[in-house]
Amino acid sequence: MTDAQPGRPTENAMRRALKRARDGVALDTAEAAVLLQARGEQLRDLSASAARVRDAGLEAAGRPGVITYSKKVFIPLTRLCRDRCHYCTFVTVPGKLRREGHGMYLSPDEVVEVARQGAALGCKEALFTLGDRPEDRWPEAREWLDAHGYDDTLAYVRAMAIRVLEETGLLPHLNPGVMSWTDLQRLKPVAPSLGMMLETTATRLWSEPGGPHHGSPDKEPAVRLRVLEDAGRSNVPFTTGVLIGIGESYEERADALFQLRRIQRQYQSIQEVIVQNFRAKPDTAMRAMPDAELEELAACIAVARHILGPAARIQAPPNLVDSEYALIVGAGIDDWGGVSPLTPDHVNPERPWPHIDQLAERTRESGFELRERLTVYPEFIARGEPWLDPRLLPHVRALADPATGLAREDALPKGLPWQEPDEGFTASGRTDLHSTIDTQGRTGDRRADFDAVYGDWEALREQAAPGMVPQRIDSDVREALAQAADDPTRLSDDQALALLHADGPALDALCSLADDLRRASVGDEVTYIVTRNINFTNVCYTGCRFCAFAQRRTDADAYTLSLDQVADRAAQAWEVGATEVCMQGGIHPDLPGTAYFDIARAVKERVPGMHVHAFSPMEVVNGASRTGLSIRDWLTAAKEAGLDSIPGTAAEILDDEVRWVLTKGKLPAADWIEVVKTAHELGLRSSSTMMYGHVDQPRHWLGHFRTLAAIQQETGGFTEFVTLPFIHTNAPVYLAGIARPGPTTRDNRAVTAMARVLLHPHITNIQTSWVKLGAEGAAEMLRSGANDLGGTLMEETISRMAGSRYGSYRSIEDLRAIATLAGRPAKPRTTLYGEVPAERIAAAEASDGHLPELLPLAD
């Protein structure tokens, strides 16, 4: 046996790893690190097995023997950046731009002119490249944006993408750097694909002085991985990749590839992986660093192919391979990336693009045909919703070959309007679901795309495992009870957790204590509201794994109400004494961001006195993203349209550890908090909620309560806290064998009691749900600290679709009976817990018990 050279694997280790690659056995990180060092004959062996994997993937994709590229123009929107990468020549400083006669950003006319020239040459992609958030570092950038009316760089990116679509027909591919979840929602409607290189997962290259990414906040690997995950959650076709040779070890290089595989497995959102070799450039801190050799590049491509598998699209930039096309093709690529006949590679300006005819010939020499694709890959065009925004479909279809999803090479782009779909509020589908859900039930127990829309169930099962069985703790419950009785605001986290785990006599004592605290805070009256739920659509592609309400537009139970139907239902509710309509719906891809304003306005015009309690924080973010407005501006406009308060739903558990198991694409906890705080600041009060009993643990409940209490101390905007026990029966996450079958009776009592204790004295109204618990269960919660029963509802579709057995309507007499079960009187209230006008009380009393006959609507 030959000893390994310093830092080199032994021959035996290389032989074993090569054999596993040839045999198609899954590699681990150590084996991948060995194979990354293959050279010479070993590299040829590795490349041959990688090429077989690539060829199988192309065969499965229906394009055997095809290597693709995108014909593009490069639009360097700004060369300013807040980061300081030690190898970058793209980024510059304001003074240099001024000396060269350039603005801080390309002007709109400059952007459109580059795109227009590209369109004339048959280009179909407009690649927007720019530095990360330059306004955070450079006052000149901030001044330019202010002078031109843009809140931030991404607002300018969005605006220019729309102009390119409308004036040239080129498809934008946006590379604006690190993006938040909310940023992705803003940009997805204006670009068929987005991108950001992962580069490396070697944190030390960012954290240690002298590292290539030191001083660059956007190059922290954890931040960049979060962007890739958020893109997956948001159903964004995303381009990413690795940059090799910047100081990372082979193990770190392998780890980056395995991280990409993990994300792709979970979300299926990575449309291509670029493997790019470092090239040293003069006038940079890393000018003396040796270039990554081409055999090193080829080995990384081959290892990437083995790790990522046959379905991955793997790319190498053709201008960085020094004419070694056969070596790179042989290693397993199936794409050359974007090639421009017009603009240089602004990131590597010293390396011109090859002519497309030359690239086609060199590709043909390796046994492959070069075919043009669009910026969004054929697989994502075939998937359709929710991967492509409806506003982009006409632009993509104008350039895509309907048979292959590749580019129509003879097509010349032309501008098309970027606009909301024409459908808008057109009544469709099972619009009587609000009533027939109680008589006929749902058509099936799951939507038709169950296996695709929620992500990879097996990966999710591994992620959720820690939350499957609540952990028990050994703490002094008696001491905690004594503290809660003396001063609940001084409960420590350990004491609160002890109480959240209480059972038997200790739980009885806790519920009694909470009931006493309720009596001291709000008295004995059990409040309720005469309200109607109006769920205006259940078409949604967000991918919430707990939700049995959401449907594809083609599913048998899918529906959308017209504006007239919404207004009619509100008018009917007013006739029978309602003071409120509660309106929420799915995130329907065809409804514009202004649809929410139209809904509120339609109700107010028909019933001016009705309180409009509507639009969860998820809907608020959706509306803001679609309109391009800030959260504050969107809420202001909604308030002007008639919105009076918002439901604090979409909270689930305000801990992203749990949220990313429960939902694929819903807003992160921080964004939920931003929405409710902003609403409160604008005078729009909200409820607060918690859904529990799925993959959560008591520690998550505690964190949720602490978060709500802190918000309330800051804003005072919450009207109530609503307990939402998880209904498991038809919930996808339960059907997939991941979630528990809802909370136990013990859980319900403990959560209700601790809501009273931990939110005291900040949120004084604690609501229980008769829809989810039934009359007896709700009465038990009234004896455990709750003081409110919610509403009559009149229709309720969300819980009933999930499998709730307790109907969609309770009369006033029914609600009073529940209060009586708890030994308490009942009293009507308004949304904001005010006194109900006598006229409303009389109308409600006169119609009580007859609602099912009065309310169904004919289409």
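Preceding block: the structure.
Described in the following lines is the structure provided in the data block. The structure presented is a predicted model; accordingly, all values stated were derived computationally and were not measured.

Cut-offs and rules
- Residues numbered from 1 in each chain as written.
- Predicted model: local features only at pLDDT ≥ 70, side-chain atom pairs only at ≥ 80, totals over all residues.
- Heavy atoms only, no water.
- Helix = DSSP H or I, 4+ residues; strand = E, 2+ residues; numbered from the N terminus.
- Buried < 20%, exposed > 50% of the residue type's maximum accessible area, 1.4 Å probe, protein only.
- Contact = heavy atoms within 4.5 Å.
- Areas by Shrake-Rupley, 256 points an atom, 1.4 Å probe, with all protein chains shown as cover.
- Phe/Tyr/Trp six-rings, centres within 6.5 Å; stacked < 30°, edge-to-face > 60°.
- Expected span 1.5 Å × (residues − 1).
- Core = buried A, V, L, I, M, F, W, Y, C linked by side-chain atoms within 4.5 Å.
- Axes fitted to C-alpha atoms, helices over the stretch in contact; angles between N-to-C directions.
- Nonpolar A, V, L, I, M, F, W, Y, C, P; charged D, E, K, R; others polar.
- Disulfide = S-S within 2.5 Å.
- Pairing = 2+ DSSP bridges.

### Observations concerning the overall build of the protein chain
From N to C terminus, the protein chain includes 36 helices and 21 strands. By residue count, 62% of the 859 residues in the protein chain fall in the buried class. By sequence separation, contacts in the protein chain at least 24 residues apart represent 78% of the contacts at least 6 residues apart. Only carbon and sulfur atoms are counted for the fraction: they give 50% of the accessible area of the protein chain, which is about 30800 Å².

### With respect to the packing of aromatic side chains
The geometry of an aromatic ring pair comes down to the distance between the two centres and the angle between the two planes. A full pass over the atoms with the stated rule returns 16 aromatic pairs. Aromatic pair Phe536 and Phe615: ring centres 6.4 Å apart, planes at 75°, arrangement edge-to-face. Of this pair, Phe536 sits in the loop between β12 (531–535) and β13 (559–560) while Phe615 sits in the loop between β15 (611–614) and α25 (617–627); the two residues are 79 residues apart in sequence, bridging distant segments of the chain. The class for Phe536 is buried, based on a relative accessible area of 1%. On the basis of relative accessibility, which here comes to 0%, the residue Phe615 falls in the buried class.

### Looking at unusual backbone geometry
A cis amide bond links Glu385 to the next residue, Pro386, at an omega of 5°. Cis geometry is found at the peptide bond from His760 to Pro761, where omega equals 0°. Inspection of the secondary structure puts Pro761 in the loop between α31 (745–759) and β19 (766–767). Despite not being glycine, Glu199 has its phi angle at roughly 70°, a positive value. The residue Glu199 is located in the loop between β4 (193–195) and α9 (204–207) in this model. Here Phe615, not a glycine, exhibits a phi torsion of approximately 75°, which is positive.

### Regarding helix α12 (residues 294–308)
The terminal C-alpha atoms of α12 lie 21 Å apart, and with 15 residues this matches the ideal 21 Å at 1.5 Å per residue to within 8%. Summarising burial for α12: 14 of the 15 residues are buried, a large majority. Just downstream of α12 lies Gly309, where phi reads positive at about 95°.

### A look at the nonpolar core
Ranked by size, the top nonpolar core spans 127 residues in total, and within it Met583, Phe615, Trp672, Phe705 and Met754 carry the most contacts. Element by element, the count of residues in this core is highest for α31, at 8 residues. What Met754 contacts, discounting residues up to four positions off in sequence, is Leu491, Ala496, Leu499, Leu500, Leu510, Phe705 and Leu759. Residues Val73, Val164, Ala256 and Ala302 belong to the second largest nonpolar core, which totals 119 residues.

### Focus: the packing of helix α21 (residues 493–500) against α31
One can describe the packing of α21 onto α31 by two numbers: an axis separation of 9 Å at closest approach and a directional angle of 145°. Here α21 contributes Ala496, Leu499 and Leu500 to the contact with α31, which in turn contributes Arg746, Ala750, Met754 and Leu758. Residue composition of the contact of α21 with α31, grouped by class: 6 nonpolar, no polar and 1 charged.

### Some words on the state of the cysteines
In the structure shown here, the tally under the stated rule is 0 disulfides. Distance from the sulfur of Cys88, which forms no disulfide, to the nearest cysteine sulfur (Cys85) is 6.2 Å.

### A few points about the pairing of strand β1 (residues 66–78)
For β1, a buried count of 13 out of 13 residues is recorded, marking the element as mostly surrounded by other parts of the structure. As defined by bridge partners, β1 adjoins strand β9 (residues 369–373) across 5 bridges and the pair is classed as parallel. Bridging from a neighbouring strand, Ile67 pairs with Leu370 of β9. Here β1 runs beside strand β8 (residues 335–339); their pairing, made up of 3 bridges, is parallel. Of the residues in β8, the one forming a bridge with Lys71 is Val339. Pairing between β1 and strand β2 (residues 125–130): 6 bridges, direction parallel. Note on β2: the bridge partner recorded for Lys72 is Glu125.

Remember that the coordinates give geometry; whether it matters functionally is a separate question.
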